[in-house]
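Residue-level structural notes
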Amino acid sequence: QVQLVESGGGLVQAGGSLRLSCAASGRTFSRSAMGWFRQAPGKEREFVAGISWGGGITDYADSVKGRFTISRDNSKNTLYLRMNSLKPEDTAVYYCAARGGSSSSSNGNDYHYWGQGTQVTVSS
């Protein structure tokens, strides 16, 4: 089993940066692909970024490509999302998720473990 806890969200002005962290427990973390998703009020959950179990393969939603960077430190059981050049459209609750498999996926249904979420608010 995997337990996930996000942190690092907050209020930031447009153009600013935030770094989200996701602390994971469970010995399966190092073999599990991970992802970040976000959900705004009244909107569907959307994929943000994914990373393979070893960190060598990453992918991003077109809306964040070039601005966000996903990474992981398996020795610390931690997933990260560096967010630069933030826009008001990035405002949402951000969730980290563990797939349970080794390859990354943009499909939320492929992820079996989810954190509680952390709020990111970008003001204009």
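Coordinates for the structure precede this section.
Residues numbered from 1 in each chain as written. Predicted model: local features only at pLDDT ≥ 70, side-chain atom pairs only at ≥ 80, totals over all residues. Heavy atoms only, no water.

Moving on, we come to the overall build of the protein. Of the regular secondary structure elements, the protein holds 0 helices and 11 strands. Compactness check: the protein gives a C-alpha radius of gyration of 13 Å against a globular reference of 14 Å for 124 residues, within 12% of the reference. Each of the three principal axes of the protein carries a C-alpha extent, and together these read 40 × 25 × 25 Å. Taken across its 124 residues, the protein has 42% of its residues classed as buried. Sequence separation of 24 or more characterises 59% of the internal contacts of the protein that already satisfy a separation of 6 or more. (Helix = DSSP H or I, 4+ residues; strand = E, 2+ residues; numbered from the N terminus. Rg over C-alpha atoms; globule rule 2.2 N^0.38 Å. Buried < 20%, exposed > 50% of the residue type's maximum accessible area, 1.4 Å probe, protein only. Contact = heavy atoms within 4.5 Å.)

This part covers the environment of Val 93. Here Val 93 shows up in strand S9 (residues 92-98). Along the backbone, Val 93 and Arg 45 are 48 residues apart, and their C-alpha atoms lie at a distance of 9.3 Å. Aside from chain neighbours lying at most four places away, what touches Val 93 is Phe 37, Arg 38, Gln 39, Gly 117, Thr 118 and Gln 119.

What follows is about the packing of aromatic side chains. Given two aromatic rings, their pairing is described by the distance between the two centres and the angle made by the two planes. Scanning the entire structure with this criterion turns up 4 aromatic pairs. Their ring planes at 70 degrees and their centres at 5.6 Å tell us that Phe 37 and Phe 47 sit as a pair that is edge-to-face. Taken together, the residues span a long stretch of sequence, with Phe 37 in strand S4 (residues 34-39) and Phe 47 in strand S5 (residues 46-51) at a distance of 10 residues. Residue classification places Phe 37 among the buried positions, given a relative accessible area of 1%. Aromatic pair Phe 37 and Tyr 111: ring centres 5.1 Å apart, planes at 75 degrees, arrangement edge-to-face. One end of the pair, Phe 37, is in strand S4; the other, Tyr 111, is in the loop between S9 and strand S10 (113-114), and 74 residues separate them in sequence. If you follow Arg 19 out to its NZ or CZ, it ends over the ring of Tyr 80, 4.0 Å from the centre. (Phe/Tyr/Trp six-rings, centres within 6.5 Å; stacked < 30°, edge-to-face > 60°. Lys NZ or Arg CZ within 6 Å of the ring centre and 35° of its normal.)

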